[in-house]
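Architecture and fold: a report
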Amino acid sequence: MIPDKSKMSRPIHGETVYGVDVDGETRCRHWNSASDIIAIRFKCCGRWYSCIDCHAAETTHAATVWGRDERETKAVLCGACGDQMSISEYLACDSVCPKCSSKFNSGCSKHYHLYFE
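Model, not experiment: these values are computed from the prediction.

Considerations on unusual backbone geometry
Residues other than glycine predominantly adopt negative phi, and peptide bonds predominantly adopt the trans conformation. Positioned with a positive phi, Asp21 is a non-glycine residue whose angle comes to about 55°. With respect to the helices and strands, the residue Asp21 is situated in the loop between strand S2 (15–18) and strand S3 (38–41). The class of Asp21 is partly exposed, set by a relative accessible area of 32%. Of note, the phi angle at Ser95 is positive, near 60°, even though the residue is not glycine. Inspection of the secondary structure assignment puts Ser95 in the segment after helix H2 (87–92). A relative accessible area of 18% places Ser95 in the buried class.

Here it is in structure tokens:
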């Protein structure tokens, strides 16, 4: 099914988050459990997306992963409180927001290689 472009973004905590059917806490059509509440700022375009599948649905370019030397870049957004974490903060947070203690999907660790070197 072709996504409805009118549902491809929404403001969340002062940032525009792109994706397919994005809700108010960054969940999308692809990942929408209670704990799927982060967005990733993609290195290639600087835009926040709910997931890599949303990036693929909305763009015509390949996603670029953040390098190890860029781990201090603020590239992860908590959909619950709006905290922008550095990549290193996110990777070390044990699937819990360091600011508001909301739980993130621990299964996301299986996909880190799609976003981070």
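Observations concerning the sheet that holds strand S6 (residues 84–86)
Judged by pairing direction, the sheet is mixed, and its six strands sit side by side in the order S1-S2-S4-S3-S5-S6 without closing on themselves. Edge positions in the open sheet fall to strand S1 (9–12) and S6, since each of these has one partner strand only. Pairing of S1 with S2 involves four bridges; the strand directions are antiparallel. Bridging from a neighbouring strand, Arg10 pairs with Val17 of S2.

Notes on the environment of Arg29
As for its position among the elements, Arg29 is in the loop between S2 and S3. For the pair formed by Arg29 and Ser50, sequence separation is 21 residues and the distance between their alpha carbons is 9.3 Å. Among the polar contacts listed, one links the side chain of Arg29 to the side chain of Asp21, at a separation of 2.7 Å.

Comments concerning the state of the cysteines
Within the structure shown, the criterion is met by zero disulfides. Cys93 takes part in no disulfide bond, and the closest cysteine sulfur to it belongs to Cys97, at a distance of 7.5 Å. We classify Cys93 as buried; its relative accessible area is 13%.

Topic: the packing of aromatic side chains
Across all of its chains, the model carries eight aromatic pairs by this definition. Ring plane angle 40° and centroid distance 5.6 Å describe the contact between Tyr18 and Tyr49, whose orientation is recorded as tilted. Here the residue Tyr18 occupies a position in strand S2, and Tyr49 occupies one in strand S4 (residues 48–49), the gap between them amounting to 31 residues. Given a relative accessible area of 17%, Tyr18 falls into the buried group. Assessed through its relative accessible area of 0%, Tyr49 is described here as buried.

Calculation notes
Residues numbered from 1 in each chain as written. Predicted model: local features only at pLDDT ≥ 70, side-chain atom pairs only at ≥ 80, totals over all residues. Heavy atoms only, no water. Helix = DSSP H or I, 4+ residues; strand = E, 2+ residues; numbered from the N terminus. Buried < 20%, exposed > 50% of the residue type's maximum accessible area, 1.4 Å probe, protein only. Pairing = 2+ DSSP bridges. Polar contact = N/O pair within 3.5 Å; in protein donor to acceptor, adjacent residues only side chain to side chain. Disulfide = S-S within 2.5 Å. Phe/Tyr/Trp six-rings, centres within 6.5 Å; stacked < 30°, edge-to-face > 60°.

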